[in-house]
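# What the coordinates show
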Amino acid sequence: MTAKPSVLVTRRWPAAVEAQLQERYNVALNIGDQPMTPAEIRAALKTHDAVLPTVTDKLTAEALDVGASKARILANYGVGYSHICEASARNLDMTVTNTPDVLSECTADLAMTLLLMVARRAGEGEREAREGRWTGWRPTHLVGTKVSGKTLGIVGYGRIGQEMARRAHHGFGMEILVQNRSRIAPEVLAQCNARQVDSLEDLLPKCDFVSLHCPGGADNRHLINSRRLDLMKQDAFLINTARGEVIDEFALAQSLMFDMIGGAALDVFDGEPRINPTLVQCDNLVMLPHLGSATREAREAMGFRVLDNLEDFFAGRDPRDRVI
């Protein structure tokens, strides 16, 4: 009987997924649930047939600097893979997969949650009520911004961006503007009566809300910088459920503190879990700890998608979600 492939899982996954992994493979689990060091990742690559990383694992050139890797696949748990050094993975002739589709709805739900929270000052209100500072209803108290019928700009019109547009347009009657690095098919735009513009410079001045759904990585680092924040309306709001590095957080803090924009809502941070202390001081900012896909349904489905990719790989088939 052929020995089961050996698989290392870098963080704790939903119990239902871990159980299936253990049925099919010789599995090493990260019981401590702490991010692995580069040295630990290198050791795992030398001793296992597959390594299953998450966004919290920095698979840098240093971490992938192994003379010879026993592992032939990095089956990533998550959509984004900018935490994996692509050049090093290619140099090792490594297959890299991700988990698209299954988290799109839940991440869009959370982006809509953030949009509503920042528009209606829910974070400020929750803090006030919890801290015992509420003095009662009054006509001028925590007055926010109406969402229905406003213009939403979506940066990155992939699966999650399209789900966000669906919620905003069909649920709240919002007008949808889209900026994407490639042309979107007219029939896809038509689903939400969306209009594509050529650049961020075209998009930002026209929007009451801007929601980021673009990839992270070096190409998009500080895509939203001081110059582009200055193009936003003074009462507009910025929402980010993409990657922290897409925003220049110092520039954002400046814009928030000087009321250059209406507010912002972030689920992701540059260098998370560390949060820029300047951001914490901004009352007109809603912050959540990277909860985009944090539903039981989405997190289990992500794990099962990894299992599908592993099954394809070890059966000699090209995995359905191969990205490298």
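Everything below is about the structure shown above.
None of the values given here were measured: they were computed from a predicted structure.

## Description of unusual backbone geometry
The phi torsion of most residues other than glycine is negative, and most of the peptide bonds are trans. With an omega of 10 degrees, the peptide bond running from Glu-272 to Pro-273 counts as cis. As for its position among the elements, Pro-273 is in the loop between strand E11 (263–266) and helix H11 (277–280). Phi is positive for Arg-121, which is not a glycine, with a value near 60 degrees. Relative to the helices and strands, Arg-121 is located in the loop between helix H4 (104–119) and helix H5 (122–130). With relative accessibility at 28%, the residue Arg-121 sits in the partly exposed group. Of note in this structure, Asp-259 is not a glycine but carries a positive phi near 55 degrees. Tracing the backbone shows Asp-259 in the loop between helix H10 (249–257) and E11. Exposure remark for Asp-259: the relative accessible area of 46% places this residue in the partly exposed category.

## Some thoughts on the environment of Gly-217
Among the secondary structure elements, Gly-217 is positioned in the loop between strand E9 (209–212) and helix H9 (226–229). A residue is classified by how much of its surface remains accessible, and Gly-217, at 16% relative accessible area, is buried. Residues in contact with Gly-217, not counting those within four places in the same chain, are Ser-82 and Glu-245.

## Remarks on H4
Between its terminal C-alpha atoms H4 stretches 22 Å, which fits the 22 Å expected from 16 residues at 1.5 Å a residue. By the burial criterion, the buried members of H4 are Ser-104, Cys-106, Thr-107, Ala-108, Leu-110, Ala-111, Met-112, Leu-114, Leu-115, Val-118 and Ala-119. In the stretch just after H4, Arg-121 is the one whose phi turns positive, near 60 degrees.

## Focus on the pattern of salt bridges
Applying the stated criterion across every chain, the model contains 24 salt bridges. As a salt-bridge pair, Arg-130 and Glu-126 come within 2.8 Å of each other at their nearest N and O atoms. Taken as a pair, Arg-130 and Glu-126 lie in helix H5 at a separation of four residues, close to a single helical turn. Residue Arg-130 is classed as exposed on the basis of its relative accessible area of 66%. A salt bridge links Asp-308 to Arg-320; the shortest N-O distance between them is 3.6 Å. Taken together, the residues span a long stretch of sequence, with Asp-308 in helix H12 (residues 296–314) and Arg-320 in the segment after H12 at a distance of 12 residues. Accessibility expressed as a relative area gives 31% for Asp-308, which makes it partly exposed. Owing to a relative accessible area of 52%, Arg-320 belongs among the exposed residues under this scheme. Salt bridges here are not isolated pairs; linked through shared partners, they connect Asp-101, Arg-159, Arg-305 and Asp-321.

Cut-offs applied
Residues numbered from 1 in each chain as written. Predicted model: local features only at pLDDT ≥ 70, side-chain atom pairs only at ≥ 80, totals over all residues. Heavy atoms only, no water. Helix = DSSP H or I, 4+ residues; strand = E, 2+ residues; numbered from the N terminus. Buried < 20%, exposed > 50% of the residue type's maximum accessible area, 1.4 Å probe, protein only. Contact = heavy atoms within 4.5 Å. Expected span 1.5 Å × (residues − 1). Salt bridge = Lys/Arg side-chain N within 4 Å of Asp/Glu carboxyl O.

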